[in-house]
Amino acid sequence: MHGMTTALPSGSWTHSSEEDADGIEVYRPTATFTFPPSRKGRKVLEFGAPAAMAQEEATLTSVAPGPDDRPRAGSVTRLRPLGMGRYALGDASGAQDVIDIVEATPEVLRLSRP
């Protein structure tokens with residue numbers, strides 16, 4: 001795909017669940033993409049890069065609809081690069097999860113959770 005990169009994205013990305021396929025979650029830029037209405041709400045991923053972190057590291061905050069449909073932010077998770085677009089997500093308890101960034105362009109973010 002032309003212009004495709006697997007670089008770590010930044011900013012806010014909203015889940016476009018209508019586009020998910022074959023275990024790949026699709027996210028679109030929160031501020032610029034026009035999403036169709038969704039009864040179940042939409043999950044948002046906020047990528048940040050605090051200055052104190054290494055250049056390839058970042059933080060990730062997941063925001064999801066709560067029981068009353070208002071958005072609820074989860075804890076800030078540190079993203080640690082593992083290579084080949086794969087990142088470990090670690091929290092303060094030491095628990096880790098992994099995501100693979102399959103595609104990251106200014107228009108779309110595709111990721112999988114192996």
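Below, the structure is looked at part by part. It should be emphasised that the depicted structure is a prediction, and the values quoted were computed from it without experimental measurement.

**A few points about the packing of aromatic side chains**
Point 1. Under the definition given, this model contains one aromatic pair.
Point 2. Taking the centre distance of 4.8 Å and the plane angle of 65° together, the rings of Phe33 and Phe35 count as edge-to-face.
Point 3. You can call Phe33 partly exposed: its relative accessible area is 31%.

**Description of the pattern of salt bridges**
Point 1. What the rule picks out here adds up to seven salt bridges.
Point 2. Arg72 is the partner of Asp68 in a salt bridge, and the nearest nitrogen-oxygen pair spans 2.8 Å.
Point 3. Among the residues examined, Asp68 registers a relative accessible area of 35% and is labelled partly exposed.
Point 4. Within this structure, Asp68, Arg70 and Arg72 form a network of salt bridges that share partners.

**Some remarks on the sheet that holds strand β7 (residues 96–104)**
Point 1. One closed barrel holds the eight strands; their spatial order is β1-β2-β8-β7-β6-β5-β4-β3, and the pairing between them is antiparallel. Averaged over all neighbouring strand pairs, the angle between strand axes comes to 35°, with direction disregarded.

**Re the environment of Ser38**
Point 1. Relative to the assigned elements, Ser38 resides in the loop between β2 (25–29) and β3 (44–48).
Point 2. On the accessibility criterion, Ser38 (28% relative accessible area) is partly exposed.
Point 3. When the C-alpha positions of Ser38 and Glu18 are compared, they lie 9.5 Å apart, and in sequence the two are 20 residues distant.
Point 4. At 3.4 Å, the side chain of Ser38 and the backbone oxygen of Gly41 are in polar contact.

How each quantity is defined
Residues numbered from 1 in each chain as written. Predicted model: local features only at pLDDT ≥ 70, side-chain atom pairs only at ≥ 80, totals over all residues. Heavy atoms only, no water. Phe/Tyr/Trp six-rings, centres within 6.5 Å; stacked < 30°, edge-to-face > 60°. Buried < 20%, exposed > 50% of the residue type's maximum accessible area, 1.4 Å probe, protein only. Salt bridge = Lys/Arg side-chain N within 4 Å of Asp/Glu carboxyl O. Pairing = 2+ DSSP bridges. Helix = DSSP H or I, 4+ residues; strand = E, 2+ residues; numbered from the N terminus. Axes fitted to C-alpha atoms, helices over the stretch in contact; angles between N-to-C directions. Polar contact = N/O pair within 3.5 Å; in protein donor to acceptor, adjacent residues only side chain to side chain.

This is a description of form; function is not addressed.
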